[in-house]
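Residue-level listing of the chains:
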Amino acid sequence: MLGEIRAYFAQQGVLEVDTPLLGHTGAADPAIGSLALDLPSGRRYLQTSPEYAMKRLLAAGSGDIYQLCKAFREEEHSPLHRGEFTLLEWYRVGFDHHQLMAEVARLLAVFWPGRVLERLTIAHLAQQVGAPDPHLSSTAVLANYARDCGVVLTPPAAHDRSLLLDFLLTHLVRVGLPVGRAAFIYDFPLEQAAYARVRPGHPPVAERFELILDGVELANGYHELCDPLAQRARHAAEALVRAARGLPPPLIDERLLAALAAGLPACAGVALGIDRLLMLREGAANVGEVMAFGAETL
Amino acid sequence: MASYSTNQFKPGLKIMIDGDPFNIVENEMVKPGKGQAFNRVRVRNLLTGRVIERTFKSGDSVEGADILDMEMQYLYHDGDAWHFMNIASFEQLQASAQTVGEAGQWLKGQEMCSVTLFNGEPIAITPPNFVVLRITQTDPGVRGDTATGGTKPATLETGAVVRVPLFIEEGSLLKIDTRTGEYASRAKEE
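Residues numbered from 1 in each chain as written. Chains lettered and ligands numbered in written order. Predicted model: local features only at pLDDT ≥ 70, side-chain atom pairs only at ≥ 80, totals over all residues. Heavy atoms only, no water.

A. Spotlight on the environment of Arg242 of chain A. Residue and element names in this part refer to chain A. Mapped onto the fold, Arg242 is located in helix H7 (residues 228-244). Residue class for Arg242 comes out buried when judged on its relative accessible area of 6%. Sequence separation between Arg242 and Gly283 is 41 residues; the distance between their C-alpha atoms is 37 Å. (Helix = DSSP H or I, 4+ residues; strand = E, 2+ residues; numbered from the N terminus. Buried < 20%, exposed > 50% of the residue type's maximum accessible area, 1.4 Å probe, protein only.)

B. Highlighting the interface of chain B and chain A. At the junction of the two partners, chain B supplies 16 residues and chain A supplies 25 residues. Around 1900 Å² of area is buried between chain B and chain A when both sides are counted, 54% of it from carbon and sulfur atoms. In this assembly, chain B and chain A are joined by two salt bridges. Linking Lys34 of chain B and Asp29 of chain A is a salt bridge whose minimum nitrogen-to-oxygen distance equals 3.7 Å. (Contact = heavy atoms within 4.5 Å. Buried area = accessible area lost by both parts, 1.4 Å probe. Salt bridge = Lys/Arg side-chain N within 4 Å of Asp/Glu carboxyl O.)

C. Structural context of helix H4 (residues 122-129) of chain A. All names here are of chain A. Residues Ile122, Leu125 and Ala126 constitute the buried set of H4. Along the long axis of H4, the arc covered by the buried residues comes to 100°, so they all point the same way. Buried positions along H4 lie against strand E7 (118-121), helix H6 (161-176) and strand E9 (182-188). Where H4 ends, the next residue or the one after it, Gly130, has phi of about 85°, a positive value. (Arc of directions from axis to C-beta.)

D. Region of interest: unusual backbone geometry. Along the chain, His202 of chain A connects to Pro203 of chain A via a cis peptide bond; the corresponding omega equals -5°. Checked against the element boundaries, Pro203 of chain A lands in the loop between strand E10 (198-199) and strand E11 (205-213). Its identity as a non-glycine residue notwithstanding, Phe293 of chain A has a phi of 55°, on the positive side. Secondary-structure assignment places Phe293 of chain A in the segment after helix H9 (274-282). Of note in this structure, Gln110 of chain B is not a glycine but carries a positive phi near 80°. Mapped onto the fold, Gln110 of chain B is located in the loop between helix H1 (97-100) and strand E10 (112-118).

This is the structure in structure tokens:
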């Protein structure tokens, strides 16, 4: 499988890169925990994805790049999660999220020739499932819907719009995109923008997508945010959420912000879970089954 | 009562939801790549037996249910209540016919049962996996009658009715599997 992926990108003229797994900062995302190592030269973090380093290469003029590497996340262990796993991440200069979705589909056709990948917006998926619109619904409506779905909400959680949207998304995927369906869902609520561009409009949406295959979240991509001020504002928002949840504050990756300031070319990027891809292709029920020494991994 | 964090969730854990005690049947972590994690659980209401699904934000805590399973001997029942005794302390308690439910049809006296207590009150009775009971009524088997699948109904001394092979005669002792309510084998006279 790794050979087929490399052959695909070689044919497309996308350069393979190899960035450090140990970084000066961890992930700023409040929902992702980084593993830290204390070295004689200071504290280093095992990267939760190669995103920051690859964006610095893009800003330095690398052009289209991809990377196959290990990523590490704290305290993740389930049939679909391991603390150490393999990511395929790639960036295409000049692409938007739709062009990148089309490319993800071309790559997957190598593994599932003829399998149809649908494309639908999150709002459309919500409509299909009969759920409230994630962009326009009030927080109270989202909370009531979550309760109707059996979510036990503490009083503060009932006002946590970001939490309610996180639940709504997992619910939409579970009910609307069960085993047998394969779809890109795109145009996310602003609360779930992460590092995607926001497209103004009614409502404004984040140009982010996910690929859901047989109920499994396989890939997550963005039409990338290039504005360093907007990126700094997102980090500030993440810091607030981290503080509210009692998590350690994020270390802002100033090198990334400097790279953005120097000019990140307009691009789209996506990360795809290789272990999950292999698991789905082999019809396994647990990523551990397709990982070497999967039973021993974190 | 102690409270449990969702990361302690596992099948068999007893928790309180909306004032009722529940037993966790299945616990699944749902963690989007970006976004907060949830625990989706299937839980059985220990009062009604109904299984429902609930979702908790990972990291939340939930009050534990004060549930205790005690081995007690079944003594007798009067019109309203079934009486059980702790054979170590001789302490007795009574359970309603509703609480005893279907378990009652296997009990004639002196069986050791598992009594489930919620806040000290019995909410469920589990009979021994196997009980030995005598047939009080069954029709003689007819040789070659296969239309009924080679079995016939037999009424036991407790009033329960089970299906038994055709060769079983009235008055014999049977070993019954109470989990399935089925005939397991003949039993020897003591």
